[in-house]
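Summary of the model geometry
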Amino acid sequence: MDAVLFLIFAFIAVVSAVSLVVQTHPISSALSLIGVMISLAVLYLLLGAEFLASAQMIVYAGAIMVLFIFVIMLLNAGAEPKQKSKAKLAKWIGIPLFAIFIALMSYIIQSMLPKTAGVQFGAFTGGAAQEVGRSLFTQYLLPFEVTSILILIALIGAIVLARKEI
Amino acid sequence: MNFYILSLIKAGLVAFVFLTALAYLQWIERKVLAHIQLRVGPRRVGPHGLLQPLADVIKLLTKEDLLPPYVNKFFYMLAPFLAVATALVSISVIPFGPEVDIFGVKTWLQLTDLKIGVLFVLSLSAVGVYGVALAGWASNNKYSLIGGLRSSAQMISYELPMALAIASPLLLTNTLSFREMVMAQDGFYWGLIPKWTVWPQFFSFIIFLIAAFAETNRVPFDLPEAENELVAGFHTEYSSMKFAAFFMAEYANMVTVTALATQLFLGGWLPLFPEQYGSKFVPTLIFLFAGLIALYHGFNPARSFDRITLPIAGVAFLGIAALFLVPFLQPILLPIFWFCAKTGGLLFIYIWIRGTLPRFRYDQLMHFAWTFLFPAALLNLLVTALVVALRS
């Protein structure tokens, strides 16, 4: 059951990622990105990271992508014209060669990695909100605080830049 | 019993009751609004217009389904589906009552209990924005586009105070699961007043309600479909079933949000006062009273029609009152009654406000969210966190 769900959502994630690159219309690309994010959230859920999954849904798929779509709608960006590539050779030989390259690389990387036990669905239990909060405020306190200051600086920077325009 | 069969039965029951309730919520809204405005409301179809929802559904199903030539077809079709799917799923994590024993089968009156139940509802509402925004954009119509833009801006803005208002009771109950949250609110102060989080968290309850009105695009925050400026806003170009999908999504969102408020602040299925003062007999008394009133008016009819319909309604009410006295059914019906009473009360407030308040102006709406509601929610959260930290 877990493996089937994993395969389904991994497939959706990969298809959406390809469609994100291939689509010519910005809205279609943005929606494909949302598809990637939501299927990633399901994968997190399968691995037992519930809090991360819901944060992914609320922050990435919800808040950030809504802003993307908002901007695209405001700018009223249309579809970009498809560029006709004249090189037929690149199309017919390039794609299989690229696939072979990826397969080779993944094989080499996998054989270089140390042998570890495979991921067990449901084996990880530290994904609830309590555990995440505890480790954020004990083990990873410094990176957490540094990140928050970084985000604050970015926020102030955005406001300063926007002020200049007015 | 097999887990899958049990879940299937429960899901079917909940889906049926939920969809029927949505249809009748609209009838109740029209009736209440009509009485606020000194009209009588729908009363042609069936006794007192009770079959009006059915007539509406048939009308919407049989209308011509227009597909305008200038729309972006794929997203135009996708948008209502997205809106209604995200709106209907949330009900699956809401508990209607505690664990009950039905013919030896122990089960919770809830479809599923997630450890991240609250976050699940929030993430669904976050994704639900796309339905409205895409509908506005894909319709290729200026009014629709403005409606879609307004609604996405409004929903992003009001999501923040809503999430902050939700966080404060979570600090008190110390859980994200709805089931545990309600159980944390069990008990009574001085043996009389229920230990609901609405008392210590009154401000966040009010902030949540205001933000919820904006999240569901209801009056006084229904800018996305302001009729006098935008025709019908984001669903101007939709007809037939697709229009019905948006309509259903709006009402489903209303029910979800009020059920959420019931769980978070009003103690879910827990009774209003302790059992030793007779909270068991409240539903019986209410239905008995309703039945007697209906019977009285049935025997002294103001309209010839009432001679038949009101006694039937009266007998039905008396039957329901008797059902609540059956000891075997009591543990199932009582929690459901309290849950429905609280949710229904909040839904009535929704309709009441629609009949009372005028619409905000758009800049007022944004100004209110960012300069008042958000800081107030933040302050409330900080104070709550401080108190919780000092107490432990």
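Here the residue numbering is sequential within each chain, running from 1 through the sequence in written order. The lettering of chains begins at A and the numbering of ligands begins at 1, in the order of writing. With the structure being a predicted model, the display of local features is reserved for residues of pLDDT at least 70 and the display and counting of side-chain atom pairs for 80 or more, all residues being used for whole-chain, interface and lining totals. Note that the side-chain values use all heavy atoms of the structure and ignore hydrogens as well as water.

**A look at the interface of chain B and chain A**
A common way to report how large an interface is uses the accessible area buried once the components associate. With 21 residues of chain B in contact, the opposing surface of chain A contributes 23 residues. The working definition used for a salt bridge is a side-chain nitrogen of Lys or Arg within 4 Å of a carboxyl oxygen of Asp or Glu. In this assembly, chain B and chain A are joined by zero salt bridges. Counting of polar contacts relies on pairs of N or O atoms within 3.5 Å, with two restrictions inside protein: one atom must be capable of donating a hydrogen and the other of accepting it, and residues adjacent in sequence are counted only when both atoms are side-chain atoms. Counting across the chain B and chain A interface gives three residue pairs in polar contact (both at pLDDT 80 or more). What counts as a helix is a DSSP run of H or I of at least four residues, what counts as a strand is a run of E of at least two, and both are numbered from the N terminus. The set of elements that each furnish at least two residues to the side of chain B that touches chain A consists of helix 4 (117-138) and helix 5 (142-173) of chain B. Per-element accounting of the side of chain B that touches chain A gives the leading share, 10 residues, to helix 4 of chain B. Whether two residues are in contact is decided by their heavy atoms, any of which lying within 4.5 Å being enough.

**Some remarks on helix 3 (residues 73-89) of chain B**
Helical periodicity: at 3.6 residues per turn, an α-helix aligns residues three or four positions apart in one direction. By this rule the span expected of a helix is its residue count minus one, scaled by 1.5 Å. For helix 3 of chain B, with 17 residues, the first-to-last C-alpha span of 25 Å sits near the 24 Å given by 1.5 Å per residue. Throughout this description, buried means an accessible area under 20% of the type-specific maximum (1.4 Å probe, protein chains only), exposed means over 50%, and partly exposed covers the range between. Along helix 3 of chain B, the residues that are buried comprise Phe75, Tyr76, Ala79, Pro80, Leu82, Ala83, Val84, Thr86 and Ala87 of chain B. Where helix 3 of chain B is buried, its residues touch helix 2 (26-46) of chain A together with helix 4 and helix 9 (240-265) of chain B.

**Some details on the domain arrangement of chain A**
Residues and elements named next belong to chain A. By convention here, the domain bounds are inherited from an automatic or database domain assignment. One can read the domain layout of chain A as domain 1 (1-80) and domain 2 (125-166). Taking only C-alpha atoms, the centre of domain 1 and the centre of domain 2 are 22 Å apart. Facing the four residues of domain 1 at the interface are four residues of domain 2. Where domain 1 abuts domain 2, roughly 270 Å² becomes buried across the two surfaces, and 67% of that area is made up of carbon and sulfur atoms. Taken as a group, Gly48, Glu50 and Phe51 account for 92% of the area that domain 1 buries against domain 2, more than any other trio of residues on that side. The interface formed by domain 1 and domain 2 contains zero salt bridges. The tally of links from domain 1 across to domain 2 stands at zero residue pairs in polar contact (both at pLDDT 80 or more). For this classification, the nonpolar set comprises Ala, Val, Leu, Ile, Met, Phe, Trp, Tyr, Cys and Pro, the charged set comprises Asp, Glu, Lys and Arg, and every other residue, Gly included, is treated as polar. Residues of the side of domain 1 that touches domain 2, tallied by class, amount to two nonpolar, one polar and one charged. Reported buried area values correspond to the accessible surface (1.4 Å probe) lost by two parts on association, with both partners' losses combined.

**Here's the deal with the packing of aromatic side chains**
Residue and element names in this part refer to chain B. Between 30 and 60 degrees the pair is tilted, below 30 it is stacked and above 60 it is edge-to-face, where a pair is any two Phe, Tyr or Trp rings, Trp via its six-membered ring, whose centres lie within 6.5 Å. For the structure on display, the rule yields 20 aromatic pairs over all chains. Put simply, the rings of Phe287, Phe317, Phe324, Phe337 and Trp338 pair up and form one aromatic cluster. Its guanidinium or amino end placed over the ring of tyrosine 362, arginine 150 lies 5.2 Å from that ring's centre, counting from NZ or CZ. Whether a charge sits over a ring depends on NZ of Lys or CZ of Arg being within 6 Å of the ring centre and within 35 degrees of the ring normal.

**Details of helix 1 (residues 2-22) of chain A**
All names here are of chain A. Over its 21 residues, helix 1 extends 30 Å from the first C-alpha to the last, a length consistent with the 30 Å expected when each residue adds 1.5 Å. Among all positions in helix 1, only Ala10, Ala13, Ser16 and Ser19 are buried. Elements that come into contact with the buried residues of helix 1 comprise helix 2.

**So, the packing of helix 10 (residues 282-299) of chain B against helix 11 (residues 306-323) of chain B**
Residues and elements named next belong to chain B. Whenever a helix is involved, its axis is fitted only over the stretch in contact; in every case the axis is a line through C-alpha atoms, and angles between N-to-C directions fall within 0 to 180 degrees. Between helix 10 and helix 11, the shortest axis-to-axis distance is 7 Å and the interhelical angle comes to 165°. Regarding the angle of helix 10 to helix 11, the classification is roughly antiparallel. Between helix 10 and helix 11 lies a crossing of left-handed hand. Mapping the contact onto sequence places Thr284, Phe287, Leu288, Ala290, Gly291, Ala294, Leu295, His297 and Gly298 in helix 10 and Asp306, Arg307, Leu310, Pro311, Gly314, Phe317, Leu318, Ile320 and Ala321 in helix 11. Roughly parallel means an angle under 35 degrees; roughly antiparallel, over 145; roughly perpendicular, 65 to 115; everything else is oblique. The sense of a crossing depends on the near helix, which, turned anticlockwise from the far helix by less than a right angle, makes the crossing left-handed and, turned clockwise, makes it right-handed.

**What about the pattern of salt bridges?**
For side chains bearing opposite charge, pairing can occur when the charged atoms are close. Residues and elements named next belong to chain B. Inspection of the entire model under this criterion finds three salt bridges over all chains. Taking the shortest distance from any N to any O, the salt bridge between glutamate 29 and arginine 354 comes out at 2.8 Å. With glutamate 29 in helix 1 (residues 3-36) and arginine 354 in helix 12 (residues 330-356), this pair connects stretches of sequence that are 325 residues apart. Given a relative accessible area of 35%, arginine 354 falls into the partly exposed group. Across the pair aspartate 56 and arginine 30 runs a salt bridge, and its minimum N-O distance is 3.4 Å. Of the two residues, aspartate 56 is situated in helix 2 (residues 52-62) and arginine 30 in helix 1; the sequence distance between them amounts to 26 residues. With relative accessibility at 34%, the residue arginine 30 sits in the partly exposed group.

**Concerning the nonpolar core**
Grouping buried Ala, Val, Leu, Ile, Met, Phe, Trp, Tyr and Cys residues that are joined through side-chain atoms within 4.5 Å yields what is termed a nonpolar core. Counting 98 residues, the largest nonpolar core has Ile27 of chain A together with Ile166 and Phe208 of chain B as the members making the most contacts within it. In this structure isoleucine 166 of chain B touches Val118, Leu122, Phe208, Leu260 and Leu264 of chain B, once residues within four positions along its chain are discounted. Counting seven residues, the second-largest nonpolar core is a separate cluster that includes Val282, Ala321, Leu334 and Phe337 of chain B.

**Side note on unusual backbone geometry**
Residues and elements named next belong to chain B. Residues other than glycine seldom take positive phi values, yet leucine 38 does so here, at roughly 55°. Mapping leucine 38 onto the fold places it in the loop between helix 1 and helix 2. Leucine 38 gets classed as exposed once you look at its relative accessible area, which sits at 79%. The phi dihedral of asparagine 140 falls on the positive side, at around 55°, and the residue is not glycine. With respect to the helices and strands, asparagine 140 occurs in the loop between helix 4 and helix 5.

**Regarding the side chain of glutamate 50 of chain A**
Counting through the fold element by element, glutamate 50 of chain A comes out in helix 3 (residues 50-75). Glutamate 50 of chain A sits in the buried class, given a relative accessible area of 16%. Here glutamate 50 of chain A is in contact with Leu45, Gly127 and Ala128 of chain A together with Lys115 and Ile116 of chain B, once residues within four sequence places are set aside.

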